[in-house]
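# Coordinates in review
Each chain is listed here by its residues.
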Number of protein chains: 2
Amino acid sequence: MNVYSPTVRILGIDPGSRFTGFGIIDVNGQKNRHVHSGCLRIPLKGEFSDRLKSIYDGISELVQQYQPCEIAIEKVFMNKNADSALKLGQARGAAIVAAMQVTHELYEYSPNRIKQAIVGRGHADKTQVRHMIKMLLLLSKIPQEDEADALAVALCHAHSRHTQRLMKDLA
Amino acid sequence: MNVYSPTVRILGIDPGSRFTGFGIIDVNGQKNRHVHSGCLRIPLKGEFSDRLKSIYDGISELVQQYQPCEIAIEKVFMNKNADSALKLGQARGAAIVAAMQVTHELYEYSPNRIKQAIVGRGHADKTQVRHMIKMLLLLSKIPQEDEADALAVALCHAHSRHTQRLMKDLA
């Protein structure tokens, strides 16, 4: 049987008010190809609103250039204090609306689900995740932490996108 | 002495993940004129990302149409739980980057400072604030809560913008 399987471009984002990681992969059937990844370093000086604008502009530039079809982002469970939650929330809000300029397909995954998808178990440590990302995407070196987290959520989405999409359609 | 005093348009925003109030005033010297105000009702159904997009689109439309020069927003002190802080943060992030499409002049004021500016004391209740907003801007009726909060922060900024701008220039 010859089933046509189009390439889907996924952008994974790991938003933060100091560093925002991003990872873009192309998925075709079972094959995942690394396209681009890195980390936006948000300048610490200046007003907080200028920092949100940096995140927004950085992600806007990426989505305009790479035109992802689907966005994947880590679900946040806040156990920190309310002040950190507010800061992270603002960064997430800015990143999400920037990404949604090109697509409304946004999916969230819990940290355990992401680790499960990459390493095979929910309680893997960060070093293992980074190592696996390098292997799975045939990278020349181990990616930085925020970059790896963004690629990890993109890969997690690549693995489970069929089920997710089906559930979204049925909802 | 004849000092030229240009009209400055201020947008006040009271962001929230369910209701986002907005208030636009024109300031010329000591005179404040009400231009437009209201409340974006964010649809509760749908994904959280679609709700952030609604806030972003709503504020984008307003700033494109009314072209404010300066933005005023209430400073948040989170005493609620981290989960509420995250939600509010996301709404704020989306609203702020939308507003910053037209201007980088964004100012924050604490709730007490806003009440002080409108009612004359920092611990006034919401009803008093709404009543004073109606009087100060010669509105035909008392504005709704989120709309009043947005107009209040815009008016607070109108009162203190000279000092604020001076401090920003000196920083």
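Quick notes on the rules
Residues numbered from 1 in each chain as written. Chains lettered and ligands numbered in written order. Predicted model: local features only at pLDDT ≥ 70, side-chain atom pairs only at ≥ 80, totals over all residues. Heavy atoms only, no water. Contact = heavy atoms within 4.5 Å. Buried area = accessible area lost by both parts, 1.4 Å probe. Polar contact = N/O pair within 3.5 Å; in protein donor to acceptor, adjacent residues only side chain to side chain. Helix = DSSP H or I, 4+ residues; strand = E, 2+ residues; numbered from the N terminus. Nonpolar A, V, L, I, M, F, W, Y, C, P; charged D, E, K, R; others polar. Salt bridge = Lys/Arg side-chain N within 4 Å of Asp/Glu carboxyl O. Pairing = 2+ DSSP bridges. Axes fitted to C-alpha atoms, helices over the stretch in contact; angles between N-to-C directions. Parallel < 35°, antiparallel > 145°, perpendicular 65-115°, else oblique. Buried < 20%, exposed > 50% of the residue type's maximum accessible area, 1.4 Å probe, protein only. Least-squares fit on C-alpha atoms with pLDDT ≥ 70 in both. pLDDT = per-residue confidence, 0-100.

The accessible area lost on association of the parts is a frequent measure of interface size. With 28 residues of chain A in contact, the opposing surface of chain B contributes 28 residues. Carbon and sulfur atoms make up 73% of the surface buried where chain A meets chain B, a total of about 2200 Å² over both sides. By the criterion of area lost to chain B, the three top residues of chain A are Lys53, Leu86 and Val97 of chain A, representing 22% of everything that side buries. Where chain A touches chain B, the interface holds five residue pairs in polar contact (both at pLDDT 80 or more). Of all the secondary structure elements, the ones that give two or more residues to the side of chain A that touches chain B are α1 (48-66), α2 (82-99) and β5 (106-109) of chain A. If one sorts the elements of the side of chain A that touches chain B by residue count, α2 of chain A sits on top with eleven residues. Looking at side-chain class alone, the side of chain A that touches chain B contains 14 nonpolar, seven polar and seven charged residues.

Following the criterion strictly, the structure yields 14 salt bridges over all chains and no others. Its salt-bridge partner being Lys87 of chain B, residue Asp83 of chain B comes within 3.5 Å of it at the nearest N-O pair. Of this pair, Asp83 of chain B and Lys87 of chain B both sit in helix α2 (residues 82-99), four residues apart, which is roughly one turn of the helix. A salt bridge links Asp149 of chain B to Lys126 of chain B; its shortest N-O distance comes to 3.0 Å. Taken together, the residues Asp149 of chain B in helix α5 (residues 145-170) and Lys126 of chain B in helix α4 (residues 126-136) connect sequence positions 23 residues apart. Ionic contacts of the salt-bridge type, sharing partners, join the residues Arg9, Asp26 and Arg33 of chain A into one network.

What follows is about the pairing of strand β3 (residues 31-41) of chain B. Residue and element names in this part refer to chain B. Note that strand β2 (residues 19-28) and β3 share ten bridges and pair antiparallel. What sits directly across from Phe19, in β3, is Arg41. A loop of two residues connects β2 with β3, the two strands running antiparallel in sequence, and Gly29 in this loop sits at a positive phi of about 60 degrees.

What follows deals with the sheet that holds strand β5 (residues 106-109) of chain B. All names here are of chain B. Here five strands make up an open sheet; going across it, the order is β3-β2-β1-β4-β5 and the pairing mixed. Taken across any chain shown, the strands that pair with only one partner, and hence form the sheet edges, are β3 and β5. Taking each pair of neighbouring strands and ignoring which way they run, the sheet shows an average axis angle of 20 degrees. In this sheet, β5 lies alongside strand β4 (residues 70-74) in parallel orientation, the contact comprising four bridges. Its bridge partner being in β5, Ile71 is matched across the sheet by Leu106. Helix-sheet contacts for helix α1 (residues 48-66) involve β1 (8-14), β2 and β3, and the interaxial angle to β3 is about 155 degrees. The strands that α2 touches are β1, β4 and β5; relative to β4, the one it contacts most, it runs at about 170 degrees.

The contact between α2 of chain A and α1 of chain B brings their axes to 9 Å, and the two run at 85 degrees. Taken together, the axes of α2 of chain A and α1 of chain B are roughly perpendicular relative to one another. Of α1 of chain B, the residues touching α2 of chain A (which contributes Arg92, Gly93, Ile96 and Val97 of chain A) are Phe48, Ser49, Leu52, Lys53 and Tyr56 of chain B. Broken down by class, the residue content of the contact of α2 of chain A with α1 of chain B amounts to five nonpolar, two polar and two charged.

A separate point is unusual backbone geometry. Residue and element names in this part refer to chain B. Even without being glycine, Gln67 reaches a positive phi, approximately 45 degrees. When you line up the elements, Gln67 lands in the loop between α1 and β4. Classification of Gln67 by relative accessible area gives partly exposed; the value is 44%. Located in the positive-phi region is Leu138, a residue other than glycine, with phi close to 50 degrees. Within the fold, Leu138 resides in the loop between α4 and α5.

Under the fitted operation, chain A is carried onto chain B by 0.0 Å of movement along the axis and a turn of 180 degrees, and the coordinates agree to an RMSD of 0.0 Å. Expressed as a symmetry operation, the mapping of one chain copy onto the other fits a two-fold axis. An overlap of 100% is found between the interface residues of chain A and their copies at the interface of chain B, pointing to a shared contact surface.

On average, chain A scores 88 in pLDDT, and the residues at 70 or more come to 91%. Among the prediction metrics, the complex's ipTM stands at 0.77, with pTM recorded as 0.82.

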